[in-house]
Amino acid sequence: MPLAFAAAPRRGFTLIELMVVIALLAIATGVVSLALRDPARTRLDTEAQRLGALLETARAESRASGVPVIWVPSLVDQERHFRFARLRGTQLETMDLPTHWLDPQVRAEVLGAPTVQLGPEPLIGAQRIVLRLADQRVLLATDGLAPFAVVADEAGQ
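Remember, predicted model here, so these are calculated numbers, not experimental data.

Caption draft 1: Representation of the overall build of the chain. When you go through the chain residue by residue, the secondary structure sums to two helices and eight strands. When its helices and strands are written in sequence order, the chain yields α-α-β-β-β-β-β-β-β-β. Taking all 157 residues of the chain together, 31% fall into the buried category. Looking at the chain alone, contacts between residues at least 24 apart form 48% of all its contacts between residues at least 6 apart. Split by element, the accessible area of the chain, about 10500 Å² in all, is 62% carbon and sulfur.

Caption draft 2: Summary view of a nonpolar patch on the surface. Together, Ile16, Val20 and Leu24 make up a nonpolar patch on the protein surface, roughly 310 Å² of accessible area in all. Classification of Val20 as partly exposed rests on a relative accessible area of 45%.

Caption draft 3: Looking closely at the packing of aromatic side chains. Applying the stated criterion to the full structure yields four aromatic pairs. A network of ring pairs unites the aromatic residues Trp71, Phe82, Phe84 and Trp101 as a single cluster.

Caption draft 4: Expanded view of helix H1 (residues 15-35). Compared with an ideal rise of 1.5 Å per residue, which puts 21 residues at 30 Å, H1 spans 31 Å between its outermost C-alpha atoms and is within 8% of the ideal. By the criterion of burial, H1 is predominantly exposed, with just zero of the 21 residues buried.

Caption draft 5: Geometry of the sheet that holds strand E7 (residues 136-142). Taken in spatial order, the four strands make up an open sheet running E4-E6-E7-E8, and their pairing is antiparallel. Where the open sheet ends on each side, the last strands, each with one partner, are strand E4 (107-111) and strand E8 (149-151). Mean inter-strand twist for the sheet, computed between neighbouring axes without regard to direction, equals 35°. Packed onto the sheet, helix H2 (residues 39-65) meets strand E6 (127-133), E7 and E8 and runs at close to 20° relative to E7.

Each value, and the rule that gives it
Sequence order as written defines the numbering, with residues in each chain counted from 1. Local features are withheld for residues below a pLDDT of 70 in this predicted model, meaning they are given only at 70 or higher, and side-chain atom pairs are given and counted only at 80 or more; totals for whole chains, interfaces and linings count all residues. The side-chain figures draw on all heavy atoms in the structure; neither hydrogens nor water molecules are used. Numbering goes from the N terminus for both helices and strands, where a helix is a DSSP run of H or I of at least four residues and a strand is a run of E of at least two. We call a residue buried when its accessible area falls under 20% of the maximum for its residue type, exposed when it is over 50%, and partly exposed in between, using a 1.4 Å probe and counting protein chains only. In what follows, a contact means two residues having at least one pair of non-hydrogen atoms within 4.5 Å. Surface exposure here means Shrake-Rupley accessible area, sampled with a 1.4 Å probe, where a residue is shielded only by the protein chains that are shown. Residues qualify for a patch when their relative accessible area is over 30% and they have no salt bridge, like charges being joined within 9 Å and the nonpolar side chains of Val, Leu, Ile, Met, Phe, Trp and Tyr within 5 Å. By salt bridge we mean one thing: a side-chain nitrogen of Lys or Arg within 4 Å of a carboxyl oxygen of Asp or Glu. Planes of paired rings set the category: under 30 degrees apart is stacked, over 60 is edge-to-face and the rest tilted, where pairs are Phe, Tyr or Trp rings (Trp by its six-membered ring) whose centres lie within 6.5 Å. In this scheme, a helix's expected span is set at 1.5 Å multiplied by one less than its residue total. In this scheme, strands are said to pair when DSSP sees at least two bridges between them. Fitted lines through C-alpha atoms give the axes, limited to the stretch in contact for helices. The angle between two N-to-C directions lies from 0 to 180 degrees.

Honestly, it's all geometry; don't read function into it.
In structure tokens, the structure reads:
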């Protein structure tokens, strides 16, 4: 009777199996790293979208009432806020719109003017507002006809 070699049970993994597992781990790591966003940037984007909607609301109200409306970033009790006001003659009348940022550390600056003019004419001047939070920056702008929207700024951020 010939000697039969018993097949030894295989132990371990083949090189192909190890390469497939490593490739899957690399793909999963890449997807997760792309899905993570800077929380400050997310909060700032939310503030920019909210402010754009508020500016368009005030702009529509100004056109409907025929009274100029302005938006002013302000400092109250060491906290940064903003306000919307109707300009009736020489007096400012505060509007019933939000006056606080969702994140109290947000800073706003109107470029080229102390305030943003929102009407009542359908075509307003081009205006830009920079919002900052930590080291993040967002530029909210209009060309005077289009609604306020987030745009790429000069720094390319």
